[in-house]
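# Secondary and tertiary structure notes
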Amino acid sequence: MKAKKLIEVALPIKEISAESVRDKSIRHGHISTLHLWWARRPLPVCRAIVFASLVPDPMDENCPEAFKYAVEMLLNTELGKLHYKPYKDIPYTSIVDEMEDNHRNRLMMFIGKFSEKCQENMKDGKSTPPKEQLDDWSLIKWENKNNPKILRIARELIFVAYQSDKRPDATWEELHAEFNRLYDAIPKAEKNLYELKDRHIETDEVKQLEAELQTAIDTFQNEMPSVFDPFAGGGAIPLEAARLGCRSYGNDINPVAHIIERGSAEFPQKYGKPIAYSKEEFEKLYGEEGIKMAQEDERDITFDGETYRIPNRLAFDVEFYANQIYSDLKYLECQLYPELNNKTPFVYYWAKVAKCTNPSCNAEIPLLGQFYISKRRGAPKKDWKYLQPHIEGSDISFSIESGECNESGWIGRANLKCPCCGNVTEAKELKKQFKVGKDGRRLLYVICENNGIRSYHIPSDDYLKLFPQIEQTPTPIEPMPVEYTQALPSCTWGMEKWGQLFSRRQAFIINKLKESISKVKEKVDCDKDYNKAVITYLSFLLDRIIVRFTEFGVWHVLQETVEHPFGRQAIPMKFSYPEMNPFSDLSGAYFGQLSAIVAYINEENSFYSFFTNSSSGEKEQFDKKSITSVVTDPPYYDAIAYADLSDFFYVWQKQIIGDLFPTTYATPLTPKTDECTALKHRHNGNYDKAKSHFENKLTQIFDAIENQTTDTVSIMFAHQSTEAWTTLCNSILDARMNITGSWPMDTEVSIALKTDKAFLESSVTVACRPSERKGFADFDEVKHDIRQLVKAEVEKLYGLGFRGADLLTACFGQAVSVFGHYKLVETAEGDPVSVGQLLEFARESAAQALLEGVPGEPQTKFYCGWLQMNGMGECAFDDVNKYTRVGVNVEIRQLQSDRLLITEGSQQHLATAKEHLGNNETWGTQATDYMISQVHRMMMAYHMGNQVQLLNLVRDLCPQSDAPQWRVLDFLGGHLPEGDDLNDVKGILASAEMLRQKCKEAVQHQEASLDFED
Ligand SMILES: C[S@@+](CC[C@H](N)C(=O)[O-])C[C@H]1O[C@@H](n2cnc3c(N)ncnc32)[C@H](O)[C@@H]1O
């Protein structure tokens, strides 16, 4: 019998969560900055899951001795002894608890360990800057992604785990020596090749050294496990599997994802290597421009009079050709973006214009939802800038003012309120104008920069006259998915083709860029794979520009930057937009975009992954049981329409690199039919068909995986609905696997108060194994087991800080693992129990476990219990009456007079926070008040944006994370229906850490008097 893998037993989820949340804000050289892809997994989660899927639990009785020895030698001697020593006192728990110094815990500390400083801060209730949270020796820390010492340890542990599994008799000494021999052969072969002068010329010697290097890599990797991600997306998982030295495979059905994957985890690792050029060759290839680039410090290029040594050939070439394109087009800047008062324009802000439908007004109104130009973070309010409208009859003009703006927007919910006559033009009327092309454009303001100082201008008529007439250039005519209005609402405003997202001027420039890239293609030999890689990055550069260069871009007033429209996996309708001058120094412009690409190529160059582009689920893709482990992140049900959204890029990429990768770009648009998503617009609006399509496709893919994999299959899933989980679990069970481990991890957190987007989001990773389902079971018995397991899990995860819906979802894995043992689970009546029923029961059990801990008086217990059973809907008096007598001990009349229960005729419903507190200003402010009133008071404070009151309530009622009010909030978060109350609860929970932190810091600084109003 084989030992369990670490992922089935233990994971440092707090540490992984902390670094994953940090990962979201890392920019320079990060995979997410290479090219946009939706729902990327943070790198620390991917690295941790891959590693933990490949090494056994060293405490397992079947763990090979050689592996235990490896842990001892690599993590418990020399520096490892110090750095991977388990915590003396686990920092994020309130009790004093020493972590046993055993091999399992050392492995956990190797994956991720909180730094000494962070441990101290956690104990004192202080926060630690994200960069300093993890110990510098943690495998998953961003700074360690290329750390040779740490990666060597990780790779050796994986090597020993894999080899000792195959050869149980091999000793640590033998495996250690073998690892050293195989591993150290690679840098030797690299040195031989990369030091050879002019290796770009394919001589026999070059070919031989290249072959020797490839052999060294293959010989090592053939002794390492293989990892496959059938839904590779942006490539994060294959990138991490390759980083850990494995044979890494990724597949994605989407051609755009596929090319991003190659750009992320294949090209930089293959080609982003040093090269030495003789003077003659270098100057012949790169001329004056190249010599100039070589002299600039930032590239670390050395020249000793005879040889140019370039640390990263690919990064240099991409930059070189991109510079050529820029020089080629720079002349357009003064024509298209003429100087304004001797200053270079950065951004032009345009509004679409519609006509007021009042015939006696007919004003041409710029469709503005708000008037701010700049509210730079940290700038005093007096320095904010906004447009001040001036109305004269039906004439609208603007000036630019400083300070706070009191105007409210003219367009809201797509209805237009005329600022001249007050008439409201409804959305449907506006749409008519848009559809017949009657919507105009008006340039409202121009932002310039001179010597780092920004200035804001209303363009004069004379300035506008400088704009040349621009010819209409071709734009993509491929159709948009007009029926998918949920993500592409612009389609209801007359948008039908992808090319319509661009203004005439934008399209003109994009076409010029395209032509320039074609010229580069003519210069280089595009039959060579290396040059294909270079051109691919030039097409990424174009993608990075066009995504910020549409009529749907976003002006970020807090940062003064141009952002792409895909913030929420959609292109929301926009009535005004910024147009950047792509030739300027603006961070979003040409060179800003280029530097993101070059930084990535420079940062990522370890082992490469192999990618294929097809629908996963082919049993023949790999031989039976030839893959060691699958780590994957399938689509989240109906949350993201990858194929529809990625057509935005596909239609341009196809024009630029379609001929270089003809099979990838063979279809007119990205393939949709086989995409594994539950999108009803692809099934004539039929939700059930969409659902079963997802389930069938997922089962087919899991079935193939089960057939091909020897060890664990780890699946990350971020959807919170029971329905989506039911589908996922059905597919796992139908593919003859069962869940053997389940780990929630925070992957994103936004703690801005009152931003309404501030929801904690976690994903759950389940580890699965092939499993034979045997026998029958009685649901009541299964329920008993599940209740126990779920209760223990809720307590554990609650202690680790998981809350609300995340907490309830996190228990699904445990429930399925019990259920999945049996062929059939039946109710007492003999009816089969479905996974859906099971998960509902698991959710209820989790809620019940939380409710057991719901503190307080019967009123609060009544509120929570009733909410759990009946929601917020209307109920008959009798039902409530029964519940109050049986469930909790409270008089119904009392509930009515406390306004917790609202009576209308014979019907009752639970009060919302607003209904409960009404105009009463004191209920819920005192420690002696009902807990539910206190929580409702916090919700109202949040709802009204009254941060001071919210902080005062937290300070007075629940400054500690284990205060009962948080438990009640969690409970509400898991049970309230969609609406204001739920949003408010989620918002508070997402900010909880920050609120408590602020209270603590304020108390520490002002022991004597704490007053947030100051
Ligand atoms: C959640 S995303 C993966 C994101 C990825 N882990 C990352 O970090 O970027 C799911 C991916 O599955 C892909 N996909 C959907 N249906 C597929 C199918 N039938 N075969 C292969 N890939 C598919 C989508 O194109 C998408 O890229």
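Rules and cut-offs
Residues numbered from 1 in each chain as written. Predicted model: local features only at pLDDT ≥ 70, side-chain atom pairs only at ≥ 80, totals over all residues. Heavy atoms only, no water. Phe/Tyr/Trp six-rings, centres within 6.5 Å; stacked < 30°, edge-to-face > 60°. Helix = DSSP H or I, 4+ residues; strand = E, 2+ residues; numbered from the N terminus. Buried < 20%, exposed > 50% of the residue type's maximum accessible area, 1.4 Å probe, protein only. Lys NZ or Arg CZ within 6 Å of the ring centre and 35° of its normal. Pairing = 2+ DSSP bridges. Expected span 1.5 Å × (residues − 1). Polar contact = N/O pair within 3.5 Å; in protein donor to acceptor, adjacent residues only side chain to side chain. Core = buried A, V, L, I, M, F, W, Y, C linked by side-chain atoms within 4.5 Å. Contact = heavy atoms within 4.5 Å. Near = heavy atom within 4 Å. Areas by Shrake-Rupley, 256 points an atom, 1.4 Å probe, with all protein chains shown as cover. Nonpolar A, V, L, I, M, F, W, Y, C, P; charged D, E, K, R; others polar. Axes fitted to C-alpha atoms, helices over the stretch in contact; angles between N-to-C directions. Left-handed = near helix turned anticlockwise from the far one by under 90°. Disulfide = S-S within 2.5 Å. Salt bridge = Lys/Arg side-chain N within 4 Å of Asp/Glu carboxyl O. Patch = residues over 30% accessible without salt bridge, like charges linked within 9 Å, V, L, I, M, F, W, Y side chains within 5 Å. Lys, Arg positive; Asp, Glu negative; His and termini not counted. Charge placed at Lys NZ, Arg CZ, Asp CG, Glu CD. pLDDT = per-residue confidence, 0-100.

Throughout the structure, instances matching the rule amount to 58 aromatic pairs. Ring plane angle 20 degrees and centroid distance 4.8 Å describe the contact between phenylalanine 179 and tyrosine 183, whose orientation is recorded as stacked. Here tyrosine 183 and phenylalanine 179 lie together in helix H8 (residues 172-194), a separation of 4 residues that amounts to about one turn. Across the pair, tyrosine 183 and phenylalanine 179 agree in class, each one buried. Look at tyrosine 286 and phenylalanine 320: their rings are 4.9 Å apart centre to centre, the planes differ by 85 degrees, and that puts the pair in the edge-to-face class. Within this pair, whereas tyrosine 286 is found in helix H13 (residues 279-295), its partner phenylalanine 320 is found in helix H14 (residues 313-329), the two being separated by 34 residues in sequence. With respect to burial, tyrosine 286 and phenylalanine 320 carry one shared label: buried. Three or more aromatic residues joined by ring pairs form one cluster here, namely Trp37, Trp38, Trp498, Phe502, Phe566, Tyr642, Phe648, Phe649 and Trp652. Directly above the aromatic system of tryptophan 966 lies the positively charged group of arginine 996, at a separation of 4.7 Å from the ring centroid.

Look at any regular strand and the pattern is simple: side chains alternate between the two faces of the sheet. Examined bridge by bridge, strand S3 (residues 275-278) and strand S5 (residues 307-310) share 4 bridges and lie antiparallel to one another. Along S5, the bridge assignment pairs alanine 276 with arginine 309. Both strand S4 (residues 302-303) and S5 contribute to a ladder of 2 bridges, which runs antiparallel. Note that in S5 the partner of threonine 302 across the bridge is arginine 309.

Next up on the list: helix H22 (residues 687-708). Compared with the 32 Å implied by 1.5 Å per residue over 22 residues, the 32 Å span of H22 between its first and last C-alpha is a close match. A distance of 3.0 Å separates the backbone nitrogen of aspartate 688 from a side-chain oxygen at the start of H22, and that oxygen is part of asparagine 686.

Before going further, it helps to examine the nonpolar core. Core analysis: the largest hydrophobic core is formed by 333 residues, its most contacted members being Phe51, Phe110, Leu157, Leu314, Phe648, Trp966 and Leu972. Looking at this core element by element, the count peaks at 11 residues for helix H19 (residues 529-546). Excluding residues that lie within four positions of it along the chain, phenylalanine 51 makes contacts with Leu107, Phe110, Ile111, Leu139, Ala154, Leu157, Ile158 and Leu244.

Spatially, 3 strands are ordered S3-S5-S4 in an open sheet, and the strand pairing comes out antiparallel. The sheet is open, and its two edges are formed by S3 and S4, each paired on a single side.

Here the focus is the pairing of strand S9 (residues 385-392). In terms of strand pairing, strand S8 (residues 372-374) meets S9 through 2 bridges, oriented antiparallel. Within S9, the residue paired with tyrosine 372 across the bridge is tyrosine 386. Looking at chain direction, S9 and strand S10 (residues 395-402) are connected through 8 bridges and run antiparallel. Looking at S10, one finds that leucine 387 is bridged to isoleucine 400.

A few words on the site of the ligand. Near the ligand you find 27 residues, and of these Arg41, Gly234, Asp252, Asp633 and Cys676 are the closest. The separation between an oxygen atom of the ligand and a polar side-chain atom of tryptophan 37 is 3.1 Å. A distance of 2.9 Å is found between a nitrogen atom of the ligand and a backbone nitrogen or oxygen belonging to serine 616. Burial of the ligand by the protein amounts to 100% of the accessible area it has alone, namely 600 Å². Across the shell around the ligand, the residue classes tally to 13 nonpolar, 7 polar and 7 charged.

Packed helices, taken two at a time, are described by the angle their axes make and the gap between the axes. For the pair helix H11 (residues 255-265) and H19, the least separation of the axes is 11 Å and the interaxial angle reads 115 degrees. The handedness of the crossing between H11 and H19 is left-handed. Of H19, the residues touching H11 (which contributes Ile259, Ile260 and Gly263) are Thr536, Tyr537 and Phe540. The class makeup of the residues in the contact of H11 with H19 is 4 nonpolar, 2 polar and no charged.

Before going further, it helps to spend a moment on the side chain of arginine 22. Position of arginine 22 among the secondary structure elements: in helix H1 (residues 13-23). Discounting chain neighbours no more than four positions away, the residues touching arginine 22 are Pro130, Lys131, Lys141, Trp142 and Glu143.

Take the sheet that holds S9 next. The 3 strands lie next to each other as S8-S9-S10, forming an open sheet whose pairing is antiparallel. Edge positions in the open sheet fall to S8 and S10, since each of these has one partner strand only. Neighbouring strand axes in the sheet, compared pairwise and without regard to direction, differ in orientation by 30 degrees on average.

Within the structure shown, the criterion is met by 0 disulfides. Of all cysteine sulfurs, the one in cysteine 46 lies closest to cysteine 246, which takes part in no disulfide; the gap is 13 Å. The thiol sulfur of cysteine 676 is not disulfide-bonded, and the nearest other cysteine sulfur, from cysteine 729, lies at 14 Å. Judged by relative accessible area, cysteine 676 falls into the buried class, the value being 4%.

A separate point is the pattern of salt bridges. What the rule picks out here adds up to 56 salt bridges. One salt bridge connects glutamate 266 with arginine 262, and the closest N-O pair in it is separated by 2.9 Å. Comparing glutamate 266 with arginine 262 shows no difference in burial state: the two are buried. The partner of arginine 955 in a salt bridge is aspartate 956, with the nearest N and O atoms 2.8 Å apart.

Okay, the packing of H22 against helix H23 (residues 722-734) next. Where H22 contacts H23, the two axes come as close as 8 Å, and the packing angle between them is 35 degrees. Classified by chirality, the crossing of H23 by H22 is right-handed. Across from Tyr687, Lys691, Phe694, Glu695, Leu698, Thr699 and Phe702 in H22, the residues of H23 making contact are Glu723, Thr727, Leu728, Asn730, Ser731, Ile732 and Asp734. Residues of the contact of H22 with H23, tallied by class, amount to 6 nonpolar, 4 polar and 4 charged.

A surface patch of negative charge is lined by Asp780, Glu781, Asp785, Glu829 and Asp831. Its place among the elements puts aspartate 780 in helix H24 (residues 779-799).

For the protein chain, mean pLDDT is 90; residues scoring 70 or higher make up 95% of the total. When the criterion is pLDDT under 50, residues 749-760 qualifies, and its contacts beyond four places in sequence or with other chains add up to 34 contacts.

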